[in-house]
Amino acid sequence: MRLHFNSCKVAILIATLLPLFVSNVGHGSDQRRDAEIHADKGLRLAQAGNLPEAEIELRIAVQVVPDDAGFLSNLGTILAMERKLEDSTGVFERALRVDPKDVTTRRYLAANLWQLHRYPEAKRNLEIILNQAPNDKESRLLLGMVSENMKDYPTAIRMLGSVPAQVRERPESIAALARSYYHLGQRKNAQRSLEELLTHPSGARGILLGAQVADEMKDYDTAEKLITAITSQSTDQATVGYELALVQYHAKRFAESQRTLLSLISSGYKSSQAFNLLGWCYHEENQPADAARAMQEAIDLDPTQQSNYLDLEKILLASGSLPSALGAAKRASDRFPDSPLAFLMRGSIELKMSQFTDAVVSYTRALRLDPANPDASLGLAEAQSNAGLDKEAVAGFEAAIRKFPQDPRFRLQYALMLLKLAESGNLSAETRAERLLKSAVALTPPLPEVHYQLGDLAQKKNRTTEALAEFRHAAKLDPQSAKVHFALGRIYRRLGRNAEAAREMDFYQRLKESESKAAMPPSGTGASQN
Amino acid sequence: MTLRFSNRPFHVCLVAFTFFTHGGTGKTASQAEIFTDVTEQAGITWHHFSGESPDRFLIETMGGGVGFLDFDGDGLQDIFFVNGGETPRGKSPTPVRNALYRNLGNGKFEDVAAKAGVDRIGFYGMGVAVADYDNDGFPDLFITGFPESALFHNNGNGTFTNVTDRAGVKNAGKWAASAAWFDYDRDGLLDLVVTNYVQFSFDNPKKCAVNDVPTYCEQEAYLGMPLSLYHNNGNGTFTDVSRQAGFDKLVGRALGVVAIDVNDDRLPDLFIARDASPNLLLINKGNGRFEDIALDAEVAYDAGGLAKAGMGVDAGDLNGDGFPDFVVTNFNDQYHSLFFGSPALRYDDRTVASHLAEYSKSFVGWGAHFIDYDNDGNLDLVIANGHINQVVETTRSDVKYKEPPLLLRNNGKGIFQNMREQAGPAFNTGYSARGLAIGDFDNDGGIDIVLTCLNGKPILLRNNVGQSNSWIGFQLQGTKSNRDAVGAKITVSFSDRKLVRWITGGSSYLSSHDKRVIVGLGEGPQPAAVNAEIRWPSGTVQRISNLRSNQYNRISEPIKHSPAVHNK
């Protein structure tokens, strides 16, 4: 499914920067006069909306008089309006080196840094301003927004709550305040904030934003209430209908969501995203064939949307239709030959289907397209290992561990491969595997399989207490792992703790049964094997 | 030649006889190789037909069986091959026939299946279980298959009669794989256990493909079946007692079976190898019921709780501790499993420690049997391998479609050495092998091997080295016990060694073996005294001293207990 794109930051940035155009002249030389001419011309061009020409004029002014904070500040502003945020930030920083006390420029710098997700730096600059000018409302607003992004919800509420007029001006800041309330469990306050959107001048756009926040915070009733309020007034019935169906889907009211979508579609509002969501509804209602059909319709309506292909693959995978999933993956990788994600997905399906040689090819391609992608590195090494390309796999794992030293998955998968080699005669491999597993323990996220494998090794060496501790640790991390409970059952039985052994084995049997049911492909879909 | 008994008088006949002396079959192969492929010179030309078709029915990958038997009582082991059959779109240009190769005694065989009346069956054939179920002195044939099975009674005149319907062992509607004759209630009559594989129909082909090339769907796409147990009523009929035995609840994809007394209570138990279902270790409770203890015995799953793809199984004492150990063949990457037994019935998984993991990593295993091929007194292991997926080589570089069999030499402690280099060309050649039976077709004391191959000719491997060490052969004949003495336990003592062997029911995959037992006596001069204790299935214990080596000893069960015979 697609993520909602939140455009609030752009709106706030532009609103904050627009009043900047102030003349800041005062130099007396000919050069200065020349610079001022260019600067004035630039400002006029900017006000006329010709930002590229304005940038050229301001750059000339800055070239002529490089240490004029005003020219620099104006150039930074134009660059920001052109969305050249990195450049703009550098120019603002130069301006502030000339005039560190310029509150306005610092506020714009903070706005840029916020845009660039450099929240701690934004916060630091805003705190400097508020030390100088504690009542600077725009800065309080910005600090509220930054704090919300930094998950510092008390500060967000304090700052945004202190400038209600500024917050009310923009649906985005209302949304940020509401989100902060939700996070702190102040549901009623959040709902009150969002209700302001019902009468906000931004109209349907603001209300939809509010609904998205309520939806995101799992307050589905409020989300639905907001959407229902605009159903009659909005001209964009497709969006409103889709948002309503999305909320219903998130609320796990799949049949309702499906009805909403079918009604929307039958009214002529056929969109790729509506069919995509419909596909997921069918999937949740265990109607795999309808799900695949709907997802195919989504693809047909918008063949450029890669996520539809990937979603089709996921749905087919979940229903055990591996060959069909691979077919979809092949179509996706043919359609998007430069997409690492398409080849990653294809590789993972091939790996599941034990088509190891093909998986090596797919992952190699994914890695070439995105050399920094850890999933591609991991998949490739795994595929090589399964394809019998042991030397290549070892080299891949070793390189990946150097490249991604904090990712425990590489150590785990490498250890698993080495343990296999140890089982088939390579005695030194086991020592290396154990070292890798122990080093993976210290990394995050904690992987239950690491503890399971350490437990298994300890058990093989009759270090029963250690084995039991590791298996318990694994069970704590993944209580639904059948094999962990199986291992616990075995070890308890060996320790003569028969009641615990029986309990663990019973748990294991139940988990295995549910795994078998989940893995059983629907009749006629077929399951691939090698 | 008559042997002397240590305890007289016996109401038994104990006759030692030598069929052939060394070299009697005209060996021509290099002595450097342990086994020589003599299929061609033996005149074995039969081909297996699987009915391979575009529908890719799973059954096309699974057959066929083979059995050693002396059907005409001439003292020579003959060979019976079970053919597969046609599938809806996999037709044979010639009728699909089984083969019964009569051993002519000169290293050559002659197919007499048509004359014997066992060449044609009306179903898709899988395996064979040989035994003299009516104790008339002639081995009978139970042929497994889909959607039924058949029992052929040996008339004693070179012909067989299909008695399936009268006997009540049709096993209708089921895909039967292996079968084992064993006397679970110790009434002196061999009963029959049948491993049923999966719910299957030619009407519903399942579709799977690798890169759009149709291939066989994995076994988990099919639901398993319960086992069948038929009680021998002693009048030529059998009663299906599967439900009474508790087998109706043991649903899974069963393929291999071996009957052996694992807890030494004189009641034969069963080890069932199952494919992607947990293995079963069924303890005979003595009241007609069996209890599965595989989970507690730690033979049901691998260490991760995963049911492996169990195909074939055999039992024997590999490490000389007197307890039966088990080998189970599995899929590639799973390794074939080796479990060491113990009095506590908790098995020790020795797959890795024995090097079996190392040697079997790339192989899909089927038939398997312990075999002391060099008669050094240690049970070695032979395994038939072959992948089921014809396009597997396009998916990885370390697994082949056609795979060589494995001959693994045991050092006496259960550590194997791969004998590939010395074993002979057959062990360096890829086959789609399935069934595997052992038997001494040339009666030279070196145990020979026969393998079946999917859609191919079988391979008869003559043992060249067994005769280089001393051995002692047992041909037991039950009187109170079943005539084949299935379930007998033989303990042979010589020098400072004590070796235990069992006459098991079933074992391997789809196959049946020479029921005579050969015990290797090791290198060096013949032991001064070889003694044996035979515990017959009836419970009678018979002790015999000073057995002669390098020959078969035909031993009948004492009709009355002598003072030297002790019962537990």
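Just so it is clear, the model here is predicted, and its values are computed rather than measured. (Residues numbered from 1 in each chain as written. Chains lettered and ligands numbered in written order. Predicted model: local features only at pLDDT ≥ 70, side-chain atom pairs only at ≥ 80, totals over all residues. Heavy atoms only, no water.)

Q: Would you mind going over the overall build of chain B in detail, with residue names and values included?
A: Secondary structure assignment for chain B yields six helices and 39 strands. Over its C-alpha atoms chain B spans a radius of gyration of 22 Å, differing by no more than 12% from the 24 Å that the globule rule assigns to 568 residues. If you line up chain B on its principal axes, its C-alpha atoms span 70 × 50 × 50 Å. Looking at chain B as a whole, 66% of its 568 residues qualify as buried. Sequence-distant contacts in chain B: of pairs separated by 6 or more residues, those separated by 24 or more amount to 63%. (Helix = DSSP H or I, 4+ residues; strand = E, 2+ residues; numbered from the N terminus. Rg over C-alpha atoms; globule rule 2.2 N^0.38 Å. Buried < 20%, exposed > 50% of the residue type's maximum accessible area, 1.4 Å probe, protein only. Contact = heavy atoms within 4.5 Å.)

Q: Before we move on, can you summarise the pairing of strand β22 (residues 325-328) of chain B with the specific residues and values?
A: Residues and elements named next belong to chain B. Here β22 shows a buried face lined by Asp325 and Val327 and a second buried face lined by Phe326 and Val328. Where strand β21 (residues 313-316) and β22 come together, four bridges link them in antiparallel fashion. Bridged to Ala315 within β22 is Phe326. With three bridges connecting them, β22 and strand β23 (residues 337-340) associate as antiparallel partners. In the strand pairing of β23, Val328 is matched with Ser337. (Pairing = 2+ DSSP bridges.)

Q: For the interface of chain B and chain A, give the residues involved together with the corresponding values.
A: Between chain B and chain A, the contact holds 37 residues from the first and 33 residues from the second. For the pair chain B and chain A, the summed buried surface comes to about 3,000 Å²; carbon and sulfur atoms form 45% of the total. Glu298 of chain B serves as the salt-bridge partner of Arg494 of chain A, at 2.5 Å between the closest nitrogen and oxygen. Sort the elements by how many residues they give to the side of chain B that touches chain A and strand β13 (residues 208-210) of chain B lands first, with three residues. Its residues assigned to classes, the side of chain B that touches chain A comprises 15 nonpolar, 10 polar and 12 charged. (Buried area = accessible area lost by both parts, 1.4 Å probe. Salt bridge = Lys/Arg side-chain N within 4 Å of Asp/Glu carboxyl O. Nonpolar A, V, L, I, M, F, W, Y, C, P; charged D, E, K, R; others polar.)

Q: I'd like a rundown of the packing of aromatic side chains, residues and numbers included.
A: Residue and element names in this part refer to chain B. In total, this model carries 35 aromatic pairs over all chains according to the counting rule given. Judged by centre distance (4.9 Å) and plane angle (85°), the ring pair of Trp175 and Tyr197 falls under edge-to-face. Of the two residues, Trp175 sits in the loop between α2 (164-167) and β11 (176-182) while Tyr197 sits in the loop between β12 (191-196) and β13, which places them 22 residues apart along the sequence. Summarising the burial analysis for this pair, Trp175 and Tyr197 share the class buried. (Phe/Tyr/Trp six-rings, centres within 6.5 Å; stacked < 30°, edge-to-face > 60°.)

Q: Describe the sheet that holds strand β31 (residues 459-463) of chain B, with residues and values.
A: Residue and element names in this part refer to chain B. Taken in spatial order, the four strands line up as β2-β31-β30-β29 in an open sheet, and their pairing is antiparallel. The open sheet has two edge strands, β2 (35-37) and β29 (433-439), and neither has a second partner. On average, each strand axis in the sheet is tilted by 25° relative to the strand beside it, whichever way the strands run. Of the pairings in the sheet, the one linking strand β30 (residues 448-453) to β31 comprises three bridges and is antiparallel in character. By the bridge assignment for β31, Ile449 is matched with Leu461. (Axes fitted to C-alpha atoms, helices over the stretch in contact; angles between N-to-C directions.)

Q: Give a detailed account of the pairing of strand β18 (residues 269-274) of chain B, specifying residues and quantitative values.
A: Residues and elements named next belong to chain B. The element β18 is largely enclosed, with a buried count of six among its six residues. Of the two faces of β18, the one carrying Asp269, Phe271 and Ala273 and the one carrying Leu270, Ile272 and Arg274 are both buried. Relative to β18, strand β17 (residues 254-260) is paired through six bridges, and the arrangement is antiparallel. Each residue of the ladder has a partner; that of Ala254, found in β18, is Arg274. Summarising the sheet, β18 and strand β19 (residues 280-284) pair through three bridges and their orientation is antiparallel. If you follow Leu270 over to β19, its bridge partner there is Leu282.

Q: So what's going on with the confidence of the model for chain A? Residues and values would help.
A: Any region with low pLDDT has predicted coordinates that should not be read closely. All names here are of chain A. Mean pLDDT over chain A: 90, with 92% of residues reaching 70 or higher. Overall, residues 1-11 carries pLDDT values under 50, and its contacts beyond four positions in sequence, including any with other chains, amount to 24 contacts. Counted against residues more than four places away or in other chains, residues 520-530, with its pLDDT under 50, gives 39 contacts. (pLDDT = per-residue confidence, 0-100.)

Q: Could you give me a rundown of the sheet that holds β19 of chain B, with the residues and numbers involved?
A: Strand order in the open sheet formed by five strands is β20-β19-β18-β17-β35 (chain B), with antiparallel pairing between adjacent strands. Each edge of the open sheet is held by one strand with a lone partner, namely β20 (290-292) and β35 (505-506) of chain B.

Q: Please give an account of unusual backbone geometry that cites residues and values.
A: Residues and elements named next belong to chain B. Here the amide bond leading from Gly63 into Gly64 is cis, since omega sits at 5°, within 30 degrees of zero. Within the secondary structure layout, Gly64 lies in the loop between β2 and β3 (66-69). Between Phe146 and Pro147 the backbone carries a cis peptide bond, its omega angle lying at 0°. Although it is not a glycine, Ser508 adopts a positive phi angle of roughly 65°.

Q: So what about the packing of helix α17 (residues 272-284) of chain A against helix α18 (residues 288-301) of chain A? Which residues, and what values?
A: Two measures define how a pair of helices packs: the angle their axes make with one another and the distance between the axes. Residues and elements named next belong to chain A. For the pair α17 and α18, interaxial distance at closest approach is 7 Å and the crossing angle is 170°. Our classification of the angle between α17 and α18 gives roughly antiparallel. Of the two possible hands of crossing, α17 and α18 adopt the one that is left-handed. Residue-level inspection shows Ser272, Phe275, Asn276, Leu278, Gly279, Trp280, Tyr282 and His283 of α17 in contact with α18, the latter providing Asp290, Ala291, Ala294, Met295, Glu297, Ala298 and Leu301. (Parallel < 35°, antiparallel > 145°, perpendicular 65-115°, else oblique. Left-handed = near helix turned anticlockwise from the far one by under 90°.)

Q: An account of the packing of helix α16 (residues 254-266) of chain A against α17 of chain A is requested, with residue identities and associated values reported.
A: Residue and element names in this part refer to chain A. With their axes 9 Å apart at the nearest point, α16 and α17 run at an angle of 145° to one another. Once α16 is placed against α17, the crossing between them reads as left-handed. In this structure, α16 contributes Phe254, Ser257, Gln258, Leu261, Leu262 and Ile265 to the contact, and α17 contributes Ala274, Phe275, Leu277, Leu278, Cys281, Tyr282 and Glu284. Its residues placed into classes, the contact of α16 with α17 shows 10 nonpolar, two polar and one charged.

Q: Quick rundown of empty space enclosed by the protein? Include the residues and the values.
A: All names here are of chain B. Taken as a whole, this structure holds five cavities of 30 Å³ or more when the rule is applied. Looking at the largest cavity, its volume works out to about 480 Å³. The wall of the largest cavity is formed by 35 residues, among which His369, Ile438, Trp502, Asp514 and Arg516 lie closest to the centre. Taken together, the residues of the lining of the largest cavity break down into 17 nonpolar, 10 polar and eight charged. Roughly 140 Å³ of volume is contained in the second largest cavity. The wall of the second largest cavity is formed by 13 residues, among which Arg266, Pro268, Val486, Gly487 and Pro537 lie closest to the centre. (1 Å grid on protein atoms, 1.4 Å probe; cavity = no way out; pocket = protein on both sides within 12 Å on 5 of 7 lines; lining within 4 Å. Points joined across faces, edges and corners; volume = space filled by probe spheres on them.)

Q: I'd like a rundown of the environment of Leu310 of chain A, residues and numbers included.
A: Residues and elements named next belong to chain A. Looking at the secondary structure, you find Leu310 in helix α19 (residues 306-318). Residues Leu310 and Leu341, 31 residues apart in the sequence, show an inter-C-alpha distance of 8.5 Å. Apart from residues no more than four positions distant in its own chain, Leu310 is found in contact with Leu341, Ala342 and Met345.

Q: Describe helix α13 (residues 204-216) of chain A, listing the residues and the values that go with them.
A: All names here are of chain A. Helix length check: α13, at 13 residues, gives a terminal C-alpha distance of 18 Å against a target of 18 Å (1.5 Å per residue), a fit within 8%. If you follow the buried residues of α13, they end up packed against α11 (171-183), α12 (187-195), α14 (220-231) and α15 (237-250). Taken from the residues just after α13, Lys218 is the one with a positive phi, measuring 65°. (Expected span 1.5 Å × (residues − 1).)

Q: Provide a residue-level description of the pattern of salt bridges, including the pertinent values.
A: This model, assessed by the stated rule, comprises 58 salt bridges over all chains. Ionic pairing is found between Arg497 of chain A and Glu500 of chain A, a salt bridge with its closest N-O pair at 2.8 Å. Close ionic contact of Asp398 of chain B with Arg396 of chain B constitutes a salt bridge, the shortest N to O distance being 2.8 Å. Salt bridges sharing partners connect three or more residues here, namely Glu430, Glu434, Lys438, Lys461, Arg463 and Glu466 of chain A.

Q: Requested: an account of the state of the cysteines, with residues and values cited.
A: All names here are of chain B. Under the counting rule described, the total for this entry stands at one disulfide over all chains. Cys208 shares a disulfide with Cys217; S-S distance 2.2 Å. Disulfide Cys208 to Cys217: torsion about the S-S bond roughly 110°, handedness right-handed. Using a relative accessible area of 6% as the deciding quantity, one classes Cys208 as buried. Looking at Cys217, the relative accessible area reads 1%, which means it is buried. (Disulfide = S-S within 2.5 Å.)

Q: Residue-level account of helix α25 (residues 408-423) of chain A, with values.
A: Residues and elements named next belong to chain A. Helix length check: α25 (16 residues) gives 23 Å between terminal C-alpha atoms against 22 Å at 1.5 Å per residue, within 8%. Buried residues dominate α25, accounting for 13 of its 16 residues. Looking one or two residues beyond α25, the residue adopting positive phi is Gly425, at roughly 110°.

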